[in-house]
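Next come the chains, spelled out residue by residue.
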Amino acid sequence: MKISRNWLSDFVDFEDVSDERFEELITTRVAEVDDVHHVGIDLSKIRLAKVLQTSPVPKKDKLKKVSLSLGDSEVTVVCGAANCREGLFVAYAPPGSSFSMQSKSGESKRIDVLKREVGGVESNGLLLSELELDIGSDNSGILEITEELVSKKLVVGTALSELFSLNDTVLEVDNKSLTHRPDLWSHFGFARELSALVGRPLKKQIDPWATDPSLLQKLGSGEQITQVSIEQSCGCRRFLALNFEGVSTMPSPLWMRNRLHAVGAGVRNLLVDLSNYVMHDIGQPNHAYDRRLVASDSFHVRRAHDGEPLITLDESELKLSVEDIVITDGTNPVALGGIIGGLESSIADDTTSLVLESANFDPVLVRQTAKRHGLRTDALNRFEKSLSAYTASTALFRFAELITQIDPNAKVVGAVTDCFTTKQKSVSVPVSYQYIRERIGAEVEDSRIDQILSSLGFNVDALSKGEGELDVPYYRATRDVSIQDDIVEEVGRIFGYENVPEVAPKIISKASSLNPKSQLQYELADLLRGAGFSEVSNYSFMSPERSESLGYSLDEAIEIENPVDSDLSRIRTSLVPGICLAAEKNAKHSKAFSLFEIGSSYSLAEKKNKNDNGAKQSHSLCLAYCSGYSEKKGGAALEPVVEQGEAFYSLASVLQRVVSLASRKKFSIERLPEDSNLKWCHPYRSAKVSLDGVQFGVIAEAVKGVFDDVSSRVVIAEIDLDFLLEKAHSKVESSKGVFTPISKYPDSFFEMSVVMPIREEFSSLRGLIEEHVDMSLLRNLEVVSVYSGAPLADDEKSVSVKLYLGANDRTLSGDELQSVQDGLMRGVDSSRFQLRS
Amino acid sequence: MDTVSEASIESAKKGALQEISNLSSLKDLELLKTDLLGKKGRITSMMKGLRDVDPSKRKDLGAMLNVAKGEVEQEILDRIAVAKAAKDKAALEKEWIDVELPVKAPLLNKEVGSIHPLTSVQRELEQIFVGLGFDVVDGPEVESEYYNFDALNIPDEHPARDMQDTFWLENGSLLRTQTSAIQVRALEQREPPLRIVAPGRCFRYERIDATHEHTFYQMEGMMIDRNVTVGHLIYFMKTLLREIFGKEQEIRLRPGYFPFVEPGFELDIWFNGKWMELLPCGLVHPKVLEAGGIDPKEWQGFAFGLGLSRLVMSRFQIDDIRHLQGCDLRFMKQFS
């Protein structure tokens, strides 16, 4: 919302406060200021001139050569305005001055005036419009200056700054920071605050108009002209109407146009502008109807009928619902209550008689109506914040006061009609000044608190020694101020938080902790970083098509009702789809990459109670590895050397290190069935990862077709961190006080090669070894090499293993070793496999 | 060629289906497809042969031939698909590896990797807060309307809901718009006095550009104790900023409206010659304490919300917020 400094000066004297201080006061005591801007160009350089003569410019239809008198001299300019004519007094901008130009987005910038040639005619400056002077929003022609306009005698050559003072400073206040303050949506509202801030009384008060019913009786006279009825509990709390006669749709005076321009409101004619002006002035939305179009001089406020049509002022056609409040002329809707007027009954060019409406509506209902119809208006902005119903009467007073000042023919007729069906409750809050001091943490004296609260309109009369019931002023009593802590804020902000000393609290010291999840995540990240992996962060969303094509069912994937993009319309159930995207992205510029992500995924779950989020959360680690070189080349660096699947084995090895952070045990890795649902997995290069018999992850090479442009093989793994965290917890538990003495006796080893079917997993050989070797003696089992090719048959391979044997209490004798070895040999002989000599 | 008749169509169809069923290799099937349905294919020529048929029968025979052609075409395409799948599978099968083989790999990469700047800044802050006696806690990103709004004194239809454009979910839940959603969860789970911080991902329904993201990070902080004052809040905030920036920082509190604190503030920091908005904070609203089952007469507290994304961006002078979720190694590698 925009606040004009000149406008505020109607209510408070603060000429001595600099613009900077003014902004600082509002920012630090009231609300956030987004921007400060200045209205009006430098008028001291613009001069009053009189048009002596105009003549056409050759070959330029719309341009005129204009001779001007500046009193002591004459100049020639070229002007394109249709209203430029002989005898007119105009605003002349000589070369060296500047004017304002508005961009399409509404921002104004200053442009230098230059001497130039137009159509062969030398133009020594410009004649300016209201908008170019930046004192109003009219740009239909040049400003026509008359004695009435400026209330001064016109002397050509005078600087315009001598004629009027329309330069202004405007604060743009962040609307969000006024969400709780319906009273601050006007200049008078800010003036009340400013009066408290600079410690000066208001020059003009409007509160009695709101609180003193006898004044309302005096505003009109005779019989009420307009009858008003309100359907019970329809959501309209108060409806006032007052008639005016002898009005006309003349242009608004320059000062009013100037102020409306300053706050960014458009102008039309006196009646429309005045209604708008009053809202910006005292904060009460109001609506002027042409009396001719209000049938039988009566209003009835009710809920709309289902599907009832209404064409609004901005010419949109609404189909109303039974939840909408409408103002009707007894039969047909003429306005949507609290939001916008109807087109039909609005002010016309020939309006001479009007009915002014000022009303109050239920904030929740108007908000819902606006949402339903996609509307956002100045009136809604105020009503949805819970504007006081008392404020409604002030609009009538202010409108009447201004229109009779501006237009001597306009007059109030009849008495005010006031249908006040839902009275506003008065609010008082129990307070203790001691509590206020304790919350702020500063020694604010009783007298200072008294003074702060009084300056903000609170009534402290009922308090004794800083204790008791504090009366809240009507304009703050609708929702904003309701408990003592609200009063703490009032006192605190006016007292000034810069005056609150920084104090270390007295607290019980205790050792605090990272949560175990963060701890594990950090250890993982460090380990992976060391292994050359870079952390990425994907969105929590996933594309339904992509996820399904990777084999992730959408059954449990939570759908977003209002996604930013249809590709981001589900909550991810796995980190794999995201890391695939990341892999694709990076493959465009990196041949090799190693990525990891730690994050949450979610699936749909029953709501355990009404406050439950209805989602099962899991934390996962996801890894993607692409070596960027061919399989064989990389395979040579591995132990045992492998011919195929280098990337797979490499990532599995990293995964083993990751798991070792949480468990002393090695994880077991087991082939994923070929018909697994995970379509992204290579059917012959994918495995599930388990610990203690529980699967907690998967590792697989991405099958051809998952990636469009990635030429090298990409291996991806995802594991459940919640599971790992549990294991980590028991690792800590189990390691308490356990230490195995280091064996004093050396280990022995022997090697053995076994020929087995080429497509058989190593685990069957491991099983055989475990069956035939005394496991208490087996320290370690290593695969030394895997070989296939001549002289072996095509469907055979030879696996060489090395067994390390030892005991804690002795060195194993040659006989013992031989017997273990013999036992194993016999076992192999009697199995499907053969020993290779 | 024979004239097209019902019998010839039927027999051509039968013959073709028989031939298809005899073949299984992809190559043979492709050849047969051309032989039957190609430009000069057998069935294609029958279509052409319709021209020589008695005009009175042409329509019926044409329809019959079309059906037969469709059947043959469908059958051969199905068989081709099966053959292709078998071929692909055979190719994949050649790539069989023993996934269960224990293989030791040396360190994969010659270069060190990197940790996301959000993670490292979050970690740094967590350590500062742990030092100040705060526990680090965690809450869900998928949140109920209750914890994100109602429990925070933002009832339905309150205009304050407009301050945060929300992603709504099919089950009536939402993506949390602020880490403040953790406040009442923490109050329910813990006994006062308490001090917690809760870092995490938040979401607002917003179009993305260089300065706007629908996904961003915050760190919520809350202290509940007896006799907590605004002065205590100032103390903790100044201490925090001293730790982050390594020296004393000039700050100011100004009024800010957040329904779950009263009074509520925006904390500004004096940075490069002007005030910069850094974090919203305030004293915990009594209604929030009550929602968490805590008696506001006995306990009070303060809460604050640090914008982690914003902090990361200013710390590293990142000009485009989209980098944070961009997963681009050229960005990430700068943080190794």
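Predicted model, so just to flag it, every value in this text is computed and none were measured. (Residues numbered from 1 in each chain as written. Chains lettered and ligands numbered in written order. Predicted model: local features only at pLDDT ≥ 70, side-chain atom pairs only at ≥ 80, totals over all residues. Heavy atoms only, no water.)

A. Spotlight on the overall build of chain A. Helices and strands together make up the secondary structure of chain A, namely 24 helices and 38 strands. Here chain A has a C-alpha radius of gyration of 42 Å; the compact-globule value for 837 residues is 28 Å, and the former is much larger. Oriented by its inertia axes, the alpha-carbon framework of chain A measures out at about 125 × 80 × 60 Å. Within chain A, the proportion of its 837 residues that are buried is 56%. Pairs at least 24 residues apart make up 68% of the contacts formed inside chain A by residues separated by at least 6 positions. Distance between charge centroids for chain A: 2 Å, based on 93 positive and 123 negative side chains. (Helix = DSSP H or I, 4+ residues; strand = E, 2+ residues; numbered from the N terminus. Rg over C-alpha atoms; globule rule 2.2 N^0.38 Å. Buried < 20%, exposed > 50% of the residue type's maximum accessible area, 1.4 Å probe, protein only. Contact = heavy atoms within 4.5 Å. Lys, Arg positive; Asp, Glu negative; His and termini not counted. Charge placed at Lys NZ, Arg CZ, Asp CG, Glu CD.)

B. Representation of the overall build of chain B within the structure. Broken down by element type, chain B carries 11 helices and nine strands. Against the compact-globule benchmark of 20 Å for 336 residues, chain B has a radius of gyration of 35 Å, which places it well outside the compact range. A principal-axis box enclosing the C-alpha atoms of chain B has dimensions of 105 × 55 × 40 Å. Put simply, chain B has 336 residues, and 57% of those count as buried.

C. Broad picture of a negative patch on the surface. Residues and elements named next belong to chain A. A contiguous patch of negative charge on the surface is contributed by Glu545, Glu548, Asp555, Glu556, Asp565 and Asp567. Of note, Asp555 is situated in the loop between helix H18 (544-550) and strand E28 (570-571). Asp555 sits in the exposed class, given a relative accessible area of 67%. (Patch = residues over 30% accessible without salt bridge, like charges linked within 9 Å, V, L, I, M, F, W, Y side chains within 5 Å. Areas by Shrake-Rupley, 256 points an atom, 1.4 Å probe, with all protein chains shown as cover. Salt bridge = Lys/Arg side-chain N within 4 Å of Asp/Glu carboxyl O.)

D. Focus on the interface of chain B and chain A. Between chain B and chain A, the residue contacts involve 111 residues of the former and 129 residues of the latter. Both faces considered, chain B and chain A share a buried interface measuring about 10,500 Å² in area, 54% of it formed by carbon and sulfur atoms. Counting every contact that joins chain B to chain A gives nine salt bridges. Asp138(B) serves as the salt-bridge partner of Lys517(A), at 2.5 Å between the closest nitrogen and oxygen. On the surface where chain B and chain A come into contact, there are 61 residue pairs in polar contact (both at pLDDT 80 or more). Among the elements that line the side of chain B that touches chain A, the one with the most residues is helix H8 (residues 230-245) of chain B, at seven residues. (Buried area = accessible area lost by both parts, 1.4 Å probe. Polar contact = N/O pair within 3.5 Å; in protein donor to acceptor, adjacent residues only side chain to side chain.)

E. The pattern of salt bridges, seen in detail. Residues and elements named next belong to chain A. A full pass over the atoms with the stated rule returns 75 salt bridges over all chains. Across the pair Glu130 and Arg257 runs a salt bridge whose closest N-O atoms are separated by 2.5 Å. Separated by 127 residues along the polypeptide, Glu130 in helix H3 (residues 130-133) and Arg257 in helix H9 (residues 254-262) bring together distant segments of the chain. Given a relative accessible area of 12%, Arg257 falls into the buried group. A salt bridge links Arg493 to Glu193; its shortest N-O distance comes to 2.7 Å. With Arg493 in helix H16 (residues 484-495) and Glu193 in helix H6 (residues 187-198), the pair connects residues that are 300 residues apart, well separated along the chain. Connected through shared salt-bridge partners, Arg181, Asp183, Glu193, Arg476, Asp480, Glu490 and Arg493 make up one network.

F. Geometry of the side chain of Ser388(A). Residue and element names in this part refer to chain A. Within the secondary structure layout, Ser388 lies in the loop between helix H12 (378-383) and helix H13 (392-406). One polar contact links Ser388 to Gln424, side chain to side chain, over a distance of 2.6 Å. Apart from residues lying up to four places away in sequence, Ser388 is in contact with Asn360, Gln424, Tyr474, Tyr475 and Thr478.

G. Spotlight on the sheet that holds strand E32 (residues 681-691) of chain A. Residue and element names in this part refer to chain A. Taken in spatial order, the seven strands of this open sheet run E26-E29-E30-E34-E33-E32-E31, and their pairing is mixed. Edge positions in the open sheet fall to strand E26 (534-535) and strand E31 (668-671), since each of these has one partner strand only. Both E32 and strand E33 (residues 694-702) contribute to a ladder of seven bridges, which runs antiparallel. In the sheet register, Lys688 faces E33, and the bridge partner there is Val698. Lying over the sheet, helix H19 (residues 576-587) contacts strand E29 (593-604), strand E30 (615-626) and strand E34 (715-720), oriented at roughly 150° with respect to E29. (Pairing = 2+ DSSP bridges. Axes fitted to C-alpha atoms, helices over the stretch in contact; angles between N-to-C directions.)

H. Up close: the packing of aromatic side chains. Taken as a whole and judged by the stated rule, the model has 33 aromatic pairs over all chains. When the ring of Tyr289(A) is compared with that of Phe299(A), the centres are 4.8 Å apart and the planes differ by 50°; the resulting orientation is tilted. Here Phe299(A) lies in strand E16 (residues 298-303) and Tyr289(A) lies in strand E15 (residues 286-290), a separation of 10 residues in the sequence. For Tyr289(A), a relative accessible area of 0% gives the class buried. Since its relative accessible area comes to 1%, Phe299(A) is described here as buried. Between the aromatic rings of Phe167(B) and Tyr205(B), the centroid separation amounts to 5.6 Å while the plane-to-plane angle is 75°, which identifies the pairing as edge-to-face. Remark: Tyr205(B) occurs in the loop between strand E4 (194-203) and strand E5 (215-225) and Phe167(B) occurs in the loop between helix H6 (145-148) and strand E3 (174-175); sequence separation between them is 38 residues. (Phe/Tyr/Trp six-rings, centres within 6.5 Å; stacked < 30°, edge-to-face > 60°.)

I. Here's a closer look at a positive patch on the surface. A cluster of like positive charges, contributed by Lys39(B), Lys40(B), Lys48(B) and Arg51(B), occupies part of the molecular surface. Relative to the elements of secondary structure, Lys40(B) occurs in the loop between helix H2 (26-37) and helix H3 (42-49).

J. Here's a closer look at helix H10 (residues 308-316) of chain B. For H10(B), the full list of buried residues reads Leu308(B), Ser309(B), Leu311(B), Val312(B) and Met313(B). For H10(B), the secondary structure elements touched by its buried residues are helix H5 (117-131), E4, E5, H8, strand E8 (274-284) and strand E9 (300-307) of chain B.

K. Local environment of the sheet that holds E15(A). Residues and elements named next belong to chain A. Strand order across the open sheet formed by four strands is E15-E22-E14-E23, with antiparallel pairing between neighbours. Every other strand in the sheet has two partners, leaving E15 and strand E23 (411-420) as the edge strands with one partner each. Sheet twist, expressed as the average angle between the axes of neighbouring strands with direction ignored, equals 20°. With seven bridges joining them, strand E14 (residues 236-245) and E23 adopt antiparallel strand pairing. Note on E23: the bridge partner recorded for Asn243 is Val413. Across the face of the sheet, helix H10 (residues 270-282) comes into contact with E15 and strand E22 (353-361) while running at roughly 165° to E15.

L. Molecular detail of H5(B). Residues and elements named next belong to chain B. Here H5 is 15 residues long and its end C-alpha atoms lie 21 Å apart, about the 21 Å a rise of 1.5 Å per residue gives. For H5, the complete set of buried residues consists of Pro117, Leu118, Thr119, Val121, Gln122, Arg123, Leu125, Glu126, Ile128 and Phe129. Phi turns positive one or two residues past the end of H5, at Gly133, with a value near 90°. (Expected span 1.5 Å × (residues − 1).)

M. Structural detail: a nonpolar patch on the surface. All names here are of chain A. Taken together, Ile311, Leu313 and Leu343 make up a surface patch of nonpolar side chains, about 210 Å² in accessible area. Summarising the element assignment, Ile311 is placed in strand E17 (residues 309-311). With a relative accessible area of 41%, Ile311 lands in the partly exposed category.

N. Fine view of the packing of H3(B) against helix H4 (residues 55-93) of chain B. All names here are of chain B. Closest axis-to-axis distance for the H3/H4 pair is 11 Å, and the angle between their directions is 170°. Classified by the angle their axes make, H3 and H4 are roughly antiparallel. For the pair formed by H3 and H4, the contact residues are Ile43, Met46 and Met47 on the first element and Leu65, Asn66, Lys69 and Val72 on the second. (Parallel < 35°, antiparallel > 145°, perpendicular 65-115°, else oblique.)

O. Focus on unusual backbone geometry. Across the junction of Ala790(A) and Pro791(A), the peptide omega takes the value 5°, indicating a cis bond. One can find Pro791(A) in the loop between strand E36 (778-787) and strand E37 (796-805). Residue Pro192(B) is joined to Pro193(B) through a cis peptide bond whose omega torsion reads 0°. Here Pro193(B) shows up in the loop between helix H7 (182-189) and E4. In this structure, Lys465(A) is a non-glycine residue whose phi angle is positive, near 50°. In this structure, Lys465(A) sits in the loop between helix H15 (446-455) and strand E25 (467-471).

P. Here's a closer look at the environment of Arg110(A). Residues and elements named next belong to chain A. With respect to the helices, strands and loops of the structure, Arg110 is situated in strand E8 (residues 108-112). What makes Arg110 partly exposed here is its relative accessible area of 38%. Along the primary structure Arg110 and Ser44 are separated by 66 residues, whereas in three dimensions their C-alpha atoms are 15 Å apart. Not counting chain neighbours up to four residues away, the residues in contact with Arg110 comprise His38, Gly40, Ile41, Phe99, Ser100 and Asp134. One polar contact links the side chain of Arg110 to the main-chain carbonyl oxygen of Gly40, over a distance of 3.2 Å.

Q. View of the pairing of E9(B). All names here are of chain B. E9 sits mainly inside the fold: seven of its eight residues count as buried. Taken together, the eight bridges between E5 and E9 define a ladder with antiparallel strand orientation. Within E9, the position partnered with Gln218 by the bridge is Gly307. Sheet topology places E8 next to E9; three bridges connect them, and they run antiparallel. Residue pairing in the sheet places Gly282 in a bridge with Ala303 of E9.

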